[in-house]
Amino acid sequence: MRETIDTTLDKLRESGNFRTLPQEPEPGMIDFTSNDYLGLGSREDLRREFFDSHSPEELLMSASASRLLAACQNPFARLEKTLQTAYGGNRRALAMNSGYHANSGLIPALAGKNTTILADRLVHASIIDGIKLSGAEFSRFRHNDLNHLISLADKAKAEGRDILIVVESVYSMDGDRADIDALEEIKRNYPGAILYVDEAHAVGVEGPHGLGLVAASAHPESVDITIGTFGKALASAGAFALMSENMRHLMINRCRSFIFSTALPPACALWTEFIFNKSLDMDTERNQLKLLGNRLCDLLSSPGDKRIASHIQPWHVGDPHKAVELSRRLKEHSFNVLPIRVPTVPPGTDRLRISLNAALTQENIESLASTLKKLSE
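Fair warning: this is a prediction, and the values are worked out from it, not measured in the lab.

A. A look at the packing of aromatic side chains. Enumeration over the complete set of coordinates arrives at seven aromatic pairs. Pairing Phe50 with Trp271 gives two aromatic rings, centres 5.2 Å apart and planes at 80°, and the pair type is edge-to-face. Linking Phe50 in helix 2 (residues 44–52) with Trp271 in helix 10 (residues 266–279), this pair joins segments that are 221 residues apart in sequence. Across the pair, Trp271 and Phe50 agree in class, each one buried. Between Tyr87 and Phe240 the ring centres are 5.9 Å apart and the planes differ by 50°, which places this aromatic pair in the tilted class. Of this pair, Tyr87 sits in helix 3 (residues 74–87) while Phe240 sits in strand 8 (residues 239–243), and the two are 153 residues apart along the sequence.

B. Seen up close, the pairing of strand 3 (residues 115–120). Among the six residues that make up strand 3, six are buried, leaving the element largely enclosed by the rest of the structure. Neither face of strand 3 is open: one carries Thr115, Ile117 and Ala119, the other Thr116, Leu118 and Asp120, and all of them are buried. In the sheet, strand 3 pairs with strand 5 (residues 162–168) via five bridges, with the strands oriented parallel. Along strand 5, the bridge assignment pairs Thr115 with Asp162. Where the polypeptide runs from strand 3 across helix 5 (residues 125–134) and back to strand 4 (residues 137–141), its parallel neighbour, the crossover connection is right-handed.

C. Here's a closer look at the sheet that holds strand 7 (residues 225–229). In space, the seven strands of this open sheet follow the order 2-8-7-6-5-3-4, with mixed pairing throughout. The open sheet is flanked by strand 2 (92–96) and strand 4, the only strands paired with a single partner. Between one strand and the next, the sheet's axes are offset by a mean angle of 20°, whatever the strand orientation. Across three bridges, the pairing between strand 6 (residues 194–198) and strand 7 is parallel. The residue bridging Tyr196 from the neighbouring strand is Ile225, located in strand 7. The strands touched by helix 7 (residues 180–188) are strand 5 and strand 6; relative to strand 6, the strand with the most contacts, the crossing angle is about 160°. Against the sheet, helix 8 (residues 245–254) contacts strand 2, strand 6, strand 7 and strand 8, and its axis sits at roughly 25° relative to strand 2.

D. Here's a closer look at the pairing of strand 2. Counted residue by residue, strand 2 has four buried out of five residues, so it is predominantly covered. Relative to strand 8, strand 2 is paired through five bridges, and the arrangement is antiparallel. Residue pairing for strand 8: Arg92 is matched across the bridge by Met243.

E. Representation of the nonpolar core. In terms of nonpolar packing, the biggest core is built from 106 residues, with Phe32, Leu106, Leu183, Tyr196, Met251, Ile354 and Leu356 touching the most fellow members. Take this core: its biggest share by element is eight residues, from helix 10. For Phe32, the contacting residues outside a window of four places in its chain are Phe335, Asn336, Val337, Arg353, Ile354, Ser355, Leu356, Leu360, Asn364, Ile365 and Leu368.

F. Main features of the state of the cysteines. Evaluation of the coordinates by the stated rule reveals zero disulfides. No disulfide involves Cys255; its sulfur sits 18 Å from the nearest other cysteine sulfur, which is in Cys268. Of the residues examined, Cys255 reaches a relative accessible area of 0% and is grouped as buried. Cys72 supplies the cysteine sulfur nearest to Cys268, a cysteine that is in no disulfide, at a spacing of 12 Å. On the accessibility criterion, Cys268 (16% relative accessible area) is buried.

G. Region of the structure containing the packing of helix 4 (residues 99–110) against helix 5. Where helix 4 meets helix 5, the axes come as close as 7 Å, and the angle between the chain directions of the two elements is 30°. With respect to helix 5, the element helix 4 is oriented roughly parallel. For the pair helix 4 and helix 5, the sense of crossing is right-handed. Along the contact surface, helix 4 presents Gly99, Tyr100, Asn103, Ser104, Ile107 and Pro108, while helix 5 presents Ser126, Ile127, Asp129, Gly130, Ile131, Leu133 and Ser134. Counted by class, the contact of helix 4 with helix 5 contains six nonpolar, six polar and one charged residues.

Calculation criteria
- Residues numbered from 1 in each chain as written.
- Predicted model: local features only at pLDDT ≥ 70, side-chain atom pairs only at ≥ 80, totals over all residues.
- Heavy atoms only, no water.
- Phe/Tyr/Trp six-rings, centres within 6.5 Å; stacked < 30°, edge-to-face > 60°.
- Helix = DSSP H or I, 4+ residues; strand = E, 2+ residues; numbered from the N terminus.
- Buried < 20%, exposed > 50% of the residue type's maximum accessible area, 1.4 Å probe, protein only.
- Pairing = 2+ DSSP bridges.
- Right-handed = clockwise from strand over helix to strand, strands pointing away.
- Axes fitted to C-alpha atoms, helices over the stretch in contact; angles between N-to-C directions.
- Contact = heavy atoms within 4.5 Å.
- Core = buried A, V, L, I, M, F, W, Y, C linked by side-chain atoms within 4.5 Å.
- Disulfide = S-S within 2.5 Å.
- Parallel < 35°, antiparallel > 145°, perpendicular 65-115°, else oblique.
- Left-handed = near helix turned anticlockwise from the far one by under 90°.
- Nonpolar A, V, L, I, M, F, W, Y, C, P; charged D, E, K, R; others polar.

Here is the structure:
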């Protein structure tokens, strides 16, 4: 086994895909790696307001058990009620420990032996792991190719199989969007089908009050399960799932990542409720983020380039060694932009992932774009 470990590590180094934990950026470094899209993670004023409004007795630092066993339930119930009220409709919320816990647990709880899962080819690892854990039959349709999805759904329907369609609303490595309206229409053409949308990179940023692209769609009730995370734009930890009451009962009884994990600290749930309520009125930050995304897109675009204006934008390099080197050289110019390589992205699509946040300035964006282009010549 030791030889296997050594061989694996040697191959990772040779291929340029060996990873180490990055050091915390030095003071003065401009960070383009964080998913703190609204810039809330560094807001001392929000932290002060939160701690001033809660007593030490309220801020329990451990749940000490899973939700099914924990004595402290009220902070989680309050958070879930807050989410349900904000999103409206008949869907119920279930707080989860992380987006990974949500996708790796909910999908296996949903899919049975007669289920065919149809997932976009670029869904992220937690969804793929959930699909594999389910043991269900699955196919991956070409990215955002809804005609391909329809052909696979037609085949599953003809075979008498249940259909579970799984997509992201904003894709984490390219920043492009799924056509939620079109997906809702497709789903309605297959009675009994379930549409599952992960909004990890949309919640807080997209849609009315930052509630995501599903909330902005024509028929949000057609989406059976919506996943959102608290650890990105909402500057907290954990995730949530919106679903019908019956489906929520099912998950409480069948979702293994929910049943067998110690719940998040109650203090974290209180902070999440606080910051979520604040985020609903942060259109100024969302507009700033959009302006920054548009400006970066303009600066990095080249003739024939189909670059998408988004808070997530890739700079394609195509080689892992070159991606690592370009990242290193950017740090010499006080820009923290990390390389993304296999297995996060397919071979040959190695890149730098530029992640924007509302606390950045136009000057930051222009300086990064100028430096990136010079170093890439």
